[in-house]
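Here's the letter readout for the chains.
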Amino acid sequence: MGIIVQKFGGTSVGTVDRIQNVANRVIEEKKRGNDVVVVVSAMGKTTDQLVGMAREISPAPNKREMDMLLTTGEQVTISLLAMALGAKGHPAVSFTGWQAGIKTEPVHGNARILDIDTGKIQTELQQGNIVIVAGFQGMTEDGAITTLGRGGSDTTAVALAAALKADKCDIYTDVTGVFTTDPRYIKNARKLYSVSYDEMLELANLGAGVLHPRAVEFAKNYGLPLEVRSSLEKESGTIIEEEVKMEQNLVVRGVAFEDDITRVTILGLPNSLTGLSTIFSALAKNHINVDIIIQSMTEAQTTNLSFSIKNEDLTDTVKVLEKNRDSLNYDRIEWESGLAKVSIVGSGMISNPGVAAEMFEVLSANEIQVKMVSTSEIKVSAVVENGKMLEAVDALHNAFQLSDSAVKA
């Protein structure tokens, strides 16, 4: 007997019928002789609906109250699933994040898990109960309810699996695994049968919505095997682990993309040793994530600095920069929205030079202008016009032979 943590996303629990289906999947695991902890998201589009109502009341709702509001969505799901399991003869108990002992830092809207007290969960498992935990939420040391950011239920599941020393964590979703790119947009995308932690972390950070980046970090840090699989189809999914066999010796194993990118440019910065640290420290203190950074010197012996952010962070970014204008002593700020980021990822890129050059050749051949570039050992990202995003993804997916005819089990 071992401990298995299962996580079911919003689509998987979107209706009462689907909750019944989830209950059946949980019972199957229980009948294999395992203790089962289930983490669930809010039903369907519940979170989006709650956000919509809040913004009807205020265009910039108070973040503490948003956490109070949004955590109600998962509370509905956990209670309904516990009822469904009980009606099928399998006793279950549901816990909110704070009841489950999940302690977070005091940051509303995007908190990180600091610790998990698994005492209550362990007690219920010892009594033979299935434990259901609300994903996406926790509590600070002084009792404030927090949320972990969108996709945070993945993080809840993996963090619980690590704290419980579980044998495995299964992430159930509406797709059958991790694909070479998003199959909803690129029809010849193919399921990968295994992906390394590092590759999955890059894919998740670069827009592949199948897993939250923090969840992958937890799994990697604790050496916890993950499997991404379908909640509706009974087939094997994608295993995420430390080392994987290269499929077809593919150098590039996935193409990720995300829209709603804005490029911010600060013009006329003095050539100061402390200027960059001041800028990015101020943005970090306001929980603004900066991605691609480009610095250039001008003939006037000043510096221009460009970086990319999500569209939603633009207002806060401008406020921070304007607040620090006197100390930074720049000329002006410009920004360009309507951009997207397209990335290729693969651990094989480390030992295969020329991959970036091939990527840019493909984009150039398709008349797609590259506005910013970022690289690491296993990825290359390019910022392009939003309207060219899917065209770029399709071209790169074909160029690096990731179609269903090229990738095999």
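Looking at an unreviewed UniProt entry, the protein chain carries the name Aspartokinase, with the source organism given as Cytobacillus oceanisediminis. For the record of the protein chain, the UniProt heading Function (unreviewed entry) holds the text "Catalyzes the phosphorylation of the beta-carboxyl group of aspartic acid with ATP to yield 4-phospho-L-aspartate, which is involved in the branched biosynthetic pathway leading to the biosynthesis of amino acids threonine, isoleucine and methionine."

### With respect to the overall build of the protein chain
Within the protein chain one finds 12 helices and 18 strands. Taking 409 residues into account, the globule formula puts the C-alpha radius of gyration at 22 Å, and the protein chain, at 23 Å, falls close to it. Taken along its principal axes, the extent of the C-alpha atoms in the protein chain is 75 × 50 × 35 Å. Counting across all 409 residues of the protein chain, residues that qualify as buried make up 52%.

### What about the domain arrangement of the protein chain?
For the protein chain, the domain assignment lists domain 1 (3-244) and domain 2 (255-400). For domain 1 versus domain 2, the separation of C-alpha centres amounts to 31 Å. The interface of domain 1 with domain 2 comprises 16 residues on the first partner and 19 residues on the second. In total, about 1400 Å² of surface goes out of reach between domain 1 and domain 2, with carbon and sulfur atoms giving 61% of it. At the surface where domain 1 touches domain 2, the tally comes to zero salt bridges. Across the contact surface, domain 1 and domain 2 share seven residue pairs in polar contact (both at pLDDT 80 or more).

### Structural notes on the packing of aromatic side chains
Evaluated as defined, the whole model comprises four aromatic pairs. A centroid spacing of 4.5 Å and a plane angle of 10 degrees characterise the contact between Phe-8 and Tyr-172, whose relative ring orientation is stacked. Of the two residues, Phe-8 sits in strand 1 (residues 3-8) while Tyr-172 sits in strand 9 (residues 168-173), which places them 164 residues apart along the sequence. You'll find Phe-8 and Tyr-172 in the same group, each marked buried.

### Concerning the layout of surface pockets
If you add up the space inside the second largest pocket, you get close to 160 Å³. Along its surface, the second largest pocket is lined by 11 residues, and Ser-196, Asp-198, Glu-242, Glu-243 and Ser-347 are the ones closest to its centre. Broken down by element, the residue count for the lining of the second largest pocket peaks at three residues, all from helix 6 (residues 197-205). Here the lining of the second largest pocket is composed, by residue class, of four nonpolar, two polar and five charged.

### What to know about the nonpolar core
Core analysis: the largest hydrophobic core is formed by 46 residues, its most contacted members being Val-5, Val-37, Ile-121, Val-133, Cys-169, Met-200 and Leu-211. For Met-200, the residues in contact, after removing those within four places along its chain, are Val-178, Val-195, Val-210, Leu-211, Val-216 and Ile-240.

### A word on the packing of helix 2 (residues 46-57) against helix 3 (residues 63-87)
At a closest axis distance of 9 Å, the pairing of helix 2 and helix 3 adopts a crossing angle of 150 degrees. Judged by the angle between their axes, helix 2 and helix 3 are roughly antiparallel. Crossing of helix 2 over helix 3 shows right-handed handedness. Residue-level inspection shows Thr-46, Thr-47, Leu-50, Val-51 and Ala-54 of helix 2 in contact with helix 3, the latter providing Met-66, Leu-69, Leu-70, Thr-72, Gly-73 and Glu-74.

### Quick look at the sheet that holds strand 18 (residues 379-385)
The sheet built from six strands is open, its strands ordered 14-15-13-16-18-17 with antiparallel pairing. At either end of the open sheet lies a strand with only one pairing partner, and these are strand 14 (293-297) and strand 17 (372-376). Neighbour-to-neighbour, the strand axes of this sheet turn through a mean angle of 25 degrees, independent of strand direction. Relative to strand 18, strand 17 runs antiparallel, the two sharing five bridges. Directly across from Met-372, in strand 18, lies its bridge partner Val-383. Along the sheet, helix 8 (residues 275-285) contacts strand 13 (254-270), strand 14 and strand 15 (302-310); its crossing angle with strand 15, the most-contacted strand, is approximately 20 degrees.

### Examining helix 8
Within helix 8 the residues assigned to the buried category are Gly-275, Ile-279, Ala-282 and Leu-283. Take helix 8 and look down its axis: the buried residues cluster within an arc of 100 degrees, on one side only.

### Quick look at the environment of Asn-352
In this fold, Asn-352 is placed in the loop between strand 16 (332-345) and helix 11 (355-365). The spacing of Asn-352 and Lys-379 is 27 residues in sequence and 12 Å in space, taken between C-alpha atoms. There is a polar contact of 3.5 Å between the side chain of Asn-352 and the side chain of Ser-351.

What counts as what
- Residues numbered from 1 in each chain as written.
- Predicted model: local features only at pLDDT ≥ 70, side-chain atom pairs only at ≥ 80, totals over all residues.
- Heavy atoms only, no water.
- UniProt positions renumbered as here; feature names shortened; annotations may be inferred.
- Helix = DSSP H or I, 4+ residues; strand = E, 2+ residues; numbered from the N terminus.
- Rg over C-alpha atoms; globule rule 2.2 N^0.38 Å.
- Buried < 20%, exposed > 50% of the residue type's maximum accessible area, 1.4 Å probe, protein only.
- Domains from an automatic or database assignment.
- Contact = heavy atoms within 4.5 Å.
- Buried area = accessible area lost by both parts, 1.4 Å probe.
- Salt bridge = Lys/Arg side-chain N within 4 Å of Asp/Glu carboxyl O.
- Polar contact = N/O pair within 3.5 Å; in protein donor to acceptor, adjacent residues only side chain to side chain.
- Phe/Tyr/Trp six-rings, centres within 6.5 Å; stacked < 30°, edge-to-face > 60°.
- 1 Å grid on protein atoms, 1.4 Å probe; cavity = no way out; pocket = protein on both sides within 12 Å on 5 of 7 lines; lining within 4 Å.
- Points joined across faces, edges and corners; volume = space filled by probe spheres on them.
- Nonpolar A, V, L, I, M, F, W, Y, C, P; charged D, E, K, R; others polar.
- Core = buried A, V, L, I, M, F, W, Y, C linked by side-chain atoms within 4.5 Å.
- Axes fitted to C-alpha atoms, helices over the stretch in contact; angles between N-to-C directions.
- Parallel < 35°, antiparallel > 145°, perpendicular 65-115°, else oblique.
- Left-handed = near helix turned anticlockwise from the far one by under 90°.
- Pairing = 2+ DSSP bridges.
- Arc of directions from axis to C-beta.

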